[in-house]
Each structure stands twice: as structure tokens, then as C-alpha cells.
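If you want the building blocks of each chain, they are given just below.
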Amino acid sequence: MTADSPSPGPDPGPGTIPPRLFASFCDDAAVFPPGDMPLAAAVPAHVGHRSAAHAPLVGPLVLPGARLAELAELTAGRPADHVEIAVTVPSPDEAATALASAGAVPGARLRVLEVAVPDGMPAAEVVPRLSAALRPLTTGDPAGVTVYVEVPRDERRAELIGRLADSPCLAKFRTGGTRADLYPDERELAHAVLLAVRAKVAFKATAGLHHAVRNTDPRTRFEQHGHLNLLAATGAALDGATEEETAAVLAERDAPAVAALVAALSPEVREAFRSFGTCSIAEPVTELAALGLLAPDLTKDLL
């Protein structure tokens, strides 16, 4: 397991990504709701993103472990690094199977393993069970794979983050979903971010971050967090903000104000907030460019 931070990328210049601030920021979760792109379409689309002008923003293709066999059929005969993947599993006990299955997929390289924590599993058992599941497959770290543990939104959260601090694993926060109750409010998310920052546990976020800035979805009426709000809130937490101050950044709906906060961030903020899953790579790239945070020519390959 490894906790490598995003690669720095090229030096800044006309038409380039600001180094580290947005490098590998957007994990390609096209096969998950609400996108639900067929894997047969998602793989070539992902490969296209990784060769486009906006490629420095793009992280791995995320898919459930149960779909690795389907991926193997699609990548057969391809070069070994044809597609970089992140695999999700529903329990630490299934980590070993997923790791072995991913290693057998031709044309794919496993970069990330994302592990959920089942209801009822004590926080104290998560890291030991995950370590036991992975131990038979490797001595040391599994070939540069970064392992994220999805932190439950219940009384186990604080203890689990504390235990992750003493392990190579990172945290994953769920920030939305297909129901309103799957969205933590700004106070809850601020508390989670502060727990991670204070414990020095890096994290990624998944689900519901469909836009750069906090918004109300016009169709579902769900209150949705903005991925730039989360980035700015992480920066505030690193600077010693209180929970109330961090929540206020998450709640900010003025796009130019949020963009200004992000523009003032040190790239070191990405050491804490590593990436977020998006079912559309085009949307964050387009919105970041519209807010003046990316050069417009980085959108030229978007459909």
C-alpha cells in the first residue's frame, strides 16, 4: 500500500495545468450513477481523456471489483498500461480477491483500491482485517497501490480515522448519492474534513460532487457540495479554521468567491485532498475553465 501524493506535473505556462493543484484531481467514475456509462464505452472514453489536452487532470477509471472480468474482455491484447484503474470493494475481506483479479486483467494497471466498511464492522477491526486480506499476496506494499477506506457516516467515524492515521491507508468520504439522505450537510462534512486534517490522514471524496460550487440540483432538489468548495474548505482546515468556518466555506454558493479562495490555495492542499470521483470528466474541466482556473484551450478536446 502507498500514500503517494499527486504528481507535480509540468511547470506552469500558457495552457498548462497549475502544478499539483489540479493534477489527477478527477477520478473517472463514468460507470457509476447517475452517469451509468456502459463499460464498453467508458474504457475508450477514458483512454481518450488520458490523451487529451486535459489529461493532467484525469485520474484512474473507477469500477466495481465485480466488473473486472468484463474489463478483462475489453482490454485483452492491449498494452500493459492501456488503462489505469481504481477498484471498489464492499468489504476489507474482499480486498485480496479484487487485488488478485485486477492483477490478472490484461491491458490494465491497478492504481487504487477503495474499500467500503460494512454495517456492524467495528472500527478497530477494519485495518487489521484489510492487512490480513492483503498480506498473503505481497511482502510490503502491493505494487504501488493506494488503498482508501470509506469512512462510515456514524459513530465509528472518529475512531476509524484515528486508526487510519497509524496505517498506510487513506480515507474516502461519501459526499452524495441517489437519495437526499446520502448527502452529508456542510457541518457534518466539515467535521469529517477536520478529523482527517488533524489526524494527518489524506482523503478522497466520491458521489454527488457534480459541480464546482455548492448548488441545489434543479431536478432532484438535492443540496450538492461543490468540489471546489471542498478543496477550499480543506485549505481552510489546514490553516486552522474552526468547524463553523470550514462549514461556511462548504456552504458558499458564490462561484467567483469560491474560485478566488481556490486560486489563493497552496498546492500543498492536494497532499490532504487527493481527488474526487466524477461521472463526467467534461463537466469539472469545463467549469474550472469557465471560472478562470484553467486555460480555455484545455477544453478543446471535450465533446
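Not measured: the values here are computed from a predicted model.

## Let's talk about the sheet that holds strand S7 (residues 203–206)
Then step 1. Taken together, the eight strands give a closed barrel; going around it, the order is S1-S2-S3-S4-S5-S6-S7-S10, and neighbouring strands pair in parallel fashion. Across the sheet, the axes of successive neighbouring strands diverge by a mean angle of 30°, strand direction being ignored.
Then step 2. Sheet analysis places strand S4 (residues 108–115) next to strand S5 (residues 146–150), joined by four bridges and oriented parallel. From the neighbouring strand, Glu 114 faces S5, where its bridge partner is Tyr 148.

## A short note on the nonpolar core
Then step 1. Of all hydrophobic cores here, the largest spans 86 residues; its most connected members are Phe 22, Ile 85, Leu 113 and Leu 231.
Then step 2. Those residues within four positions of Ile 85 in sequence are excluded, and the remaining contacts are Pro 60, Leu 61, Leu 63, Leu 68, Leu 71, Ala 102, Ala 108, Arg 109, Leu 110, Arg 111 and Val 112.
Then step 3. Ala 29, Ala 86, Val 112 and Tyr 148 belong to the second largest nonpolar core, which has seven residues in total.

## Here's the deal with empty space enclosed by the protein
Then step 1. Using the criterion set out here, one finds one cavity of 30 Å³ or more in the structure.
Then step 2. Volume-wise, the largest cavity comes out at about 80 Å³.
Then step 3. Every residue along the wall of the largest cavity is listed here: Val 151, Pro 152, Arg 153, Arg 157, Phe 173, Arg 174, Pro 184, Glu 188, Leu 189 and Ala 192.
Then step 4. Mapped onto the lining of the largest cavity, the elements with two or more residues apiece are strand S6 (170–174) and helix H6 (186–199).
Then step 5. Examining the composition of the lining of the largest cavity, we find that three residues originate from one element, H6, more than from any other.
Then step 6. Of the residues that constitute the lining of the largest cavity, the class distribution is six nonpolar, no polar and four charged.

## Some remarks on the pattern of salt bridges
Then step 1. Throughout the structure, instances matching the rule amount to 20 salt bridges.
Then step 2. A salt bridge links Glu 150 to Arg 174, with the nearest nitrogen and oxygen atoms 2.9 Å apart. Of this pair, Glu 150 sits in strand S5 while Arg 174 is found in strand S6, placing the two residues 24 residues apart along the sequence.
Then step 3. According to the relative accessible area criterion, Glu 150 is buried, its value standing at 15%.

Rules used in this analysis
Residues numbered from 1 in each chain as written. Predicted model: local features only at pLDDT ≥ 70, side-chain atom pairs only at ≥ 80, totals over all residues. Heavy atoms only, no water. Pairing = 2+ DSSP bridges. Helix = DSSP H or I, 4+ residues; strand = E, 2+ residues; numbered from the N terminus. Axes fitted to C-alpha atoms, helices over the stretch in contact; angles between N-to-C directions. Core = buried A, V, L, I, M, F, W, Y, C linked by side-chain atoms within 4.5 Å. Buried < 20%, exposed > 50% of the residue type's maximum accessible area, 1.4 Å probe, protein only. Contact = heavy atoms within 4.5 Å. 1 Å grid on protein atoms, 1.4 Å probe; cavity = no way out; pocket = protein on both sides within 12 Å on 5 of 7 lines; lining within 4 Å. Points joined across faces, edges and corners; volume = space filled by probe spheres on them. Nonpolar A, V, L, I, M, F, W, Y, C, P; charged D, E, K, R; others polar. Salt bridge = Lys/Arg side-chain N within 4 Å of Asp/Glu carboxyl O.

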